[in-house]
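# Breakdown of the fold
Residues per chain, in single letters:
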Amino acid sequence: MTIEVRNLVKRFGAFAALDDVDLRVAKGELLALLGPSGSGKTTLLRIIAGLDWPDAGEVLIDGQDVLTRGAGERHVGFVFQHYALFRHMTVFENVAFGLRVQPRAVRKSEQEIRARVKELLDLVQLDWLAKRYPSQLSGGQRQRIALARALAIRPRILLLDEPFGALDAKVRKELRTWLRSLHRELDVTSIFVTHDQEEALEVANRVVVMDKGRIEQAGTPGDVYDNPATAFVHSFIGESIVLPVEVDDGCVRLGDKVLNIAAERGSSGPSRLFVRRHDMQVGPSGWGGLEGTVRRVRTFGPIQRADVALPGAQGETLIEIDAPRDRDLRDGDIVGLQPRRYRIFAGRD
Amino acid sequence: MTMEQALPRYTDASGRSGRKAVTARALRRDPRTEPGPVRWIVIGLAVSFLSVFVVLPLIVVFAQAFGKGIGAYLSALADPEALSAIRLTLCVAALSVALNLVFGLVAAWAIAKFEFTGKTVLISLIDLPFSVSPVIAGLVFVLLFGAQGYFGPWLQANNIHVLFALPGITLATVFVTFPFVARALIPLMQEQGTQEEEAALSLGASGLQTFFRVTLPNIKWGLLYGVLLCNARAMGEFGAVSVVSGHIRGETNTMPLLVEILYNEYQFVTAFAIASLLAMLALVTLVVKTLLERRLDEGQGS
Amino acid sequence: MRRNTLPGFGLTMGLTLTWLSVIVLIPLAGLFLKTLELGPEQFWGIVTSRRTLNALRLSFGLAFGAALVNLVMGMVIVWALVRYRFPGRRLFDAIVDIPFALPTAVAGVALTSLFAQKGWLGAPLADLGIKVAFTPLGIFVAMIFIGIPFVVRTVQPVLIDLDSEIEEAAASLGASRWHIVSRVILPSLAPAMLTGFALAFARAVGEYGSVIFIAGNLPNVSEIAPLLIVIRLSEFRYADATAIAVVMLVASFLIIFAVNRMQRWTQTRIPAH
């Protein structure tokens, strides 16, 4: 099932939760909506699900306009951040719910419902919990039951709102892998919302990075990491060193020092230089385009991490760099730095 | 907490050295509580006040009711007037509870599950009957439906009796018990949020299915609580009903009204017999209310 | 394209407003409509008649006094219930709710029986020369009875939630116990105390059933305002009844409004925890 969203706008008073959003999701894709809180990702998800309505724009599923239909009629499975399991029903009844409320004409027999529920509980490996109540389950178990419940009605689209947000790190990692394999098995078009970039990059086929109601970039995890399209994407994904620079006629300056790096096409005036920490090479003084003084060194196993002060127009800029341990940096050392890979984006935040 | 901290010191003490130690400890007062004598005075005051003003009146009711023995008590209750009053009270209470139950559910759904401006105003309006004197509650219906009321002539022309009949009594009772169910449900439903309902809708349930299968089971204890309080007030209402009922013996006297009439006629045993039924209702209501409150608090914890 | 996620808003809102109007708003509107029919002169005449003024004075005055008693005793009770342990504490905690739950007529006849000349308490008091039943003192007693739960139940949760650290801090700074109670604890309880007082007061002013049995109901002496309303209604003097009712309503609302204001003022002086 393909999803298409066109020119979607949603406002809450003066606040624009979604600001002219366009998105296409291909059949069978596992898409991540990634962004900080307030970026509009959950709003977008809920509008696709039919739990919220836009102020303007279109939502098409398989080419059909679905905005006239409510959540129940869109045949989507929604997994809530806090599970939203029916607290007074057993696990079995929770999963069976979607099948039991179908109109009489379409409803399956009790036998078939029972078989389907068992099938789903087996799928999430929790059939032994069938008679328990949600309050008796752990967070990870609840999340899997919520997923089983959503899958019971054979949705054409699966939507997950920060599915692992409320779980601790170990459980989160396990469930991530599990979700990926589940998706491969079921081949259902899925969208999940997360603020955790590691999760998005690890699990999804495609990542859509959002900020302030707009899509900053959409691409594969590799794309988004290696070729960030905007300053926001660069700083949100992975660790970045950011330096305020001046671009003049193709010449890049940090303070009054001219850096030996090429300016990006189209950038000029006050800009920012983004370098991944692991892309910043460290050498002796005089080598490389940048020079700074080591201020504080910490050692983590094979790596030394140092605060380096770079002189700039407004005093010093402090950045964090990584160096191999045997470089043996000391407080007060003067080092040369050269970015192996970098991006320059116009404007200061 | 503080008492238990104090007690061990005293009970630990033993023998002569203990007594000296006790005195020394008494001088070293626990800064987090009052000195012993003050405590006991406060407790004494509280207990005697409550005993005089609450416990004694309650005991008097039963003492007077059973004053002439069980036989007299039972035959008082078997009196046709008494039976008719009991029937009327039950009928009015059942109607009022039923009506306010539906209203409470409907209002709580509208208020708790949606966002709109004026919510506080609406809730305050629903609370209005609480702040109105019962006599005034009766008065407003007399002004509407009485012989000289706004609808009076029209009602007379159509031979419809609102006042001095069941409809009037029910209306006045509905008025005074109006907020109970809604007030019990609104905070509960607000606290429970809309997630489960949204989940149900996303799974294909209709609005009604969602309400009956998901919402209702979640609020059942709150609903019972509201119904309980509503019923207690409905059965016990005096002022408002007194104004609209007309006190027609055997017809429009509820139990509280009958208590008044019998008491003024010095038929003490009968009056207190009926009063004792109402008092027992009050006690049962309190017990069930406490149990439900515990249940509701537990629910909030999970 | 604005829609609500959950269905049924239109229907439930409509029903709510309709039922609210039919049962509460329209009847109350009728009251004010009737008042407008009176015209200011007639209204003033009714309200300032000797009997009316005495009834209002009696109702408001005694209710105020009873609420004060309940404020003081309520604090004593809530303190004992929350801060101390003693045998039967749970029972007495439950007993506090009885005036709430007990039908007013039952309370009325019970109190009258108790305080009558030959009653369990009335007799010893009569020996001391104090007559309670059928006097304003009886009204006072009844108003105290029905107001007992208000201060206790509004202050109780606040007292329970009170941070003991504040008390400990004050103690460590050398404050005496009395200082701690009066300067640290009571001020934080002040808003709840005021609310409880206002509720007890409002309830006592409008109380009918518990009071009319024990009151003498003598005009100008021991006749409460609600009773006067009932009497005027039975005389078909709707206008009089309405005028008195409106005065009572407006006065009660004003008082509650003033208390709410005072509450907000104390809350800004002493921020709530």
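Residues numbered from 1 in each chain as written. Chains lettered and ligands numbered in written order. Predicted model: local features only at pLDDT ≥ 70, side-chain atom pairs only at ≥ 80, totals over all residues.

### Remarks on the overall build of chain B
For clarity, the threshold we go by: Each helix corresponds to a stretch of at least 4 residues labelled H or I by DSSP, and each strand to a stretch of at least 2 residues labelled E; elements are numbered beginning at the N terminus. Here exposure depends only on C-beta density: within 10 Å of a residue's C-beta, 20 or more other C-beta atoms make it buried, 12 or fewer make it exposed, and intermediate numbers make it partly exposed, the C-beta atoms being placed from the backbone. Here contacts are defined at the residue level, using C-beta atoms placed from the backbone and a cut-off of 7 Å between them.
Across its full length, chain B carries 15 helices and 0 strands. Each of the 302 residues in chain B was classed as buried or not, and the buried ones make up 46%. Counting contacts in chain B only where the partners sit at least 6 residues apart, residues at least 24 apart contribute 75% of the total.

### Points about the overall build of chain C
Helix and strand counts for chain C stand at 13 helices and 0 strands. Considering chain C as a whole, with its 273 residues, one finds that 48% of them fall into the buried category.

### Overview of the domain arrangement of chain B
Residues and elements named next belong to chain B. Our working definition: Domain limits in this description derive from either an automatic procedure or a database domain assignment. Gly is put with the polar residues, along with every residue not named as nonpolar or charged; the nonpolar set is Ala, Val, Leu, Ile, Met, Phe, Trp, Tyr, Cys and Pro, and the charged set is Asp, Glu, Lys and Arg.
For chain B, the assigned domains are domain 1 (37-66) and domain 2 (77-301). Contact residues are listed per partner, giving 5 residues for domain 1 and 7 residues for domain 2. Here the residues of the side of domain 1 that touches domain 2 sort into 4 nonpolar, 1 polar and no charged.

### Quick word on the nonpolar core
Going by this rule: Each nonpolar core reported here comprises buried Ala, Val, Leu, Ile, Met, Phe, Trp, Tyr and Cys residues connected via C-beta atoms within 7 Å.
Core analysis: the biggest nonpolar cluster contains 173 residues, and B:Leu139, B:Val259, B:Ile274, B:Ala275, C:Ile77, C:Val106 and C:Met143 have the highest contact counts within it. In terms of residue count, the dominant contributor to this core is helix 3 (residues 50-83) of chain C (18 residues). Summarising the domain contributions, this core has at least three residues from each of domain 1 (37-66) and domain 2 (77-301) of chain B. Those residues in contact with B:Ile274 that sit more than four places away from it in its chain are B:Ala82, B:Ala85, B:Met255, B:Leu258 and B:Val259.

### A closer look at the sheet that holds strand 12 (residues 251-254) of chain A
All names here are of chain A. Note the cut-off: A pair of strands is labelled paired if DSSP reports no fewer than 2 bridges between them. Only the stretch in contact is used when fitting a helix axis, every axis being a line fitted to C-alpha atoms; angles between N-to-C directions are given from 0 to 180 degrees.
Pairing in this open sheet of 5 strands is antiparallel, and the strands run 13-12-11-14-20 from one edge to the other. In this open sheet, the two edge strands, each paired with only one partner strand, are strand 13 (257-259) and strand 20 (343-346). Here the average twist between neighbouring strands, direction ignored, is 40 degrees. Here strand 14 (residues 269-276) runs beside strand 20; their pairing, made up of 4 bridges, is antiparallel. Along strand 20, the bridge assignment pairs Ser 271 with Ala 346.

### Some words on helix 4 (residues 139-152) of chain A
Residue and element names in this part refer to chain A. For clarity, the cut-off: To estimate how far a helix should extend, the number of its residues minus one is multiplied by 1.5 Å.
Between its first and last C-alpha atoms helix 4 spans 20 Å; for 14 residues at 1.5 Å apiece the expected length is 20 Å, and the two agree. Across the 14 residues that make up helix 4, a large majority, 11, are buried. Among the residues of helix 4, Arg 142, Gln 143, Arg 144, Ile 145, Ala 146, Leu 147, Ala 148, Arg 149, Ala 150, Leu 151 and Ala 152 are the ones counted as buried. For helix 4, the elements touching its buried residues are strand 6 (76-79), helix 2 (91-100), helix 3 (110-123), strand 7 (157-161) and helix 5 (169-186). Arg 154 sits one or two residues past helix 4 and shows a positive phi near 50 degrees.

### Focus: the sheet that holds strand 7 of chain A
Backbone hydrogen bonds hold the strands of a sheet together, and the pairing may be parallel or antiparallel. All names here are of chain A. Spatial strand order, 6-7-8-3-9-10: 6 strands in an open sheet with mixed pairing. Pairing within the sheet leaves two strands with one partner each, and these edge strands are strand 6 and strand 10 (214-219). On average, each strand axis in the sheet is tilted by 15 degrees relative to the strand beside it, whichever way the strands run. Taken together, the 4 bridges between strand 3 (residues 30-34) and strand 9 (residues 206-211) define a ladder with parallel strand orientation. By the bridge assignment, Ala 32 is partnered in strand 9 with Val 207. Taken strand by strand, helix 4 contacts strand 6 and strand 7, and its axis lies near 170 degrees from that of strand 6.

### A closer look at the interface of chain C and chain B
At the junction of the two partners, chain C supplies 74 residues and chain B supplies 75 residues. In terms of residues, the side of chain C that touches chain B owes the most to one element, helix 1 (residues 9-38) of chain C, which gives 14 residues.

### What about the environment of B:Leu201?
In this fold, B:Leu201 is placed in helix 11 (residues 195-202). The exposure class assigned to B:Leu201 is buried, which follows from the 27 C-beta atoms found within 10 Å. For B:Leu201 and B:Val176, which are 25 residues apart along the polypeptide, the C-alpha to C-alpha distance reads 36 Å. Residue contacts for B:Leu201: discarding those within four places in its chain leaves A:Gly70, A:Ala71, A:Gly72 and B:Thr210.

### A closer look at the interface of chain C and chain A
Each partner contributes to the interface: chain C provides 4 residues, whereas chain A provides 6 residues. Of the residues belonging to the side of chain C that touches chain A, the class tally is 1 nonpolar, 1 polar and 2 charged.

### Examining the packing of helix 5 (residues 80-112) of chain B against helix 1 of chain C
Selection rule: Angle categories: roughly parallel below 35 degrees, roughly antiparallel above 145, roughly perpendicular from 65 to 115, and oblique for all the rest. Should the near helix be turned anticlockwise from the far one by less than a right angle, the crossing is termed left-handed; should it be turned clockwise, right-handed.
One can describe the packing of helix 5 of chain B onto helix 1 of chain C by two numbers: an axis separation of 8 Å at closest approach and a directional angle of 125 degrees. It follows that helix 5 of chain B is oblique to helix 1 of chain C by the angle criterion. Here helix 5 of chain B runs over helix 1 of chain C; the crossing is left-handed. Counted together, B:Phe103, B:Val106, B:Ala107, B:Trp109 and B:Ala110 of helix 5 of chain B and C:Phe9, C:Thr12, C:Met13, C:Leu15, C:Thr16 and C:Trp19 of helix 1 of chain C form the full contact between these two elements.

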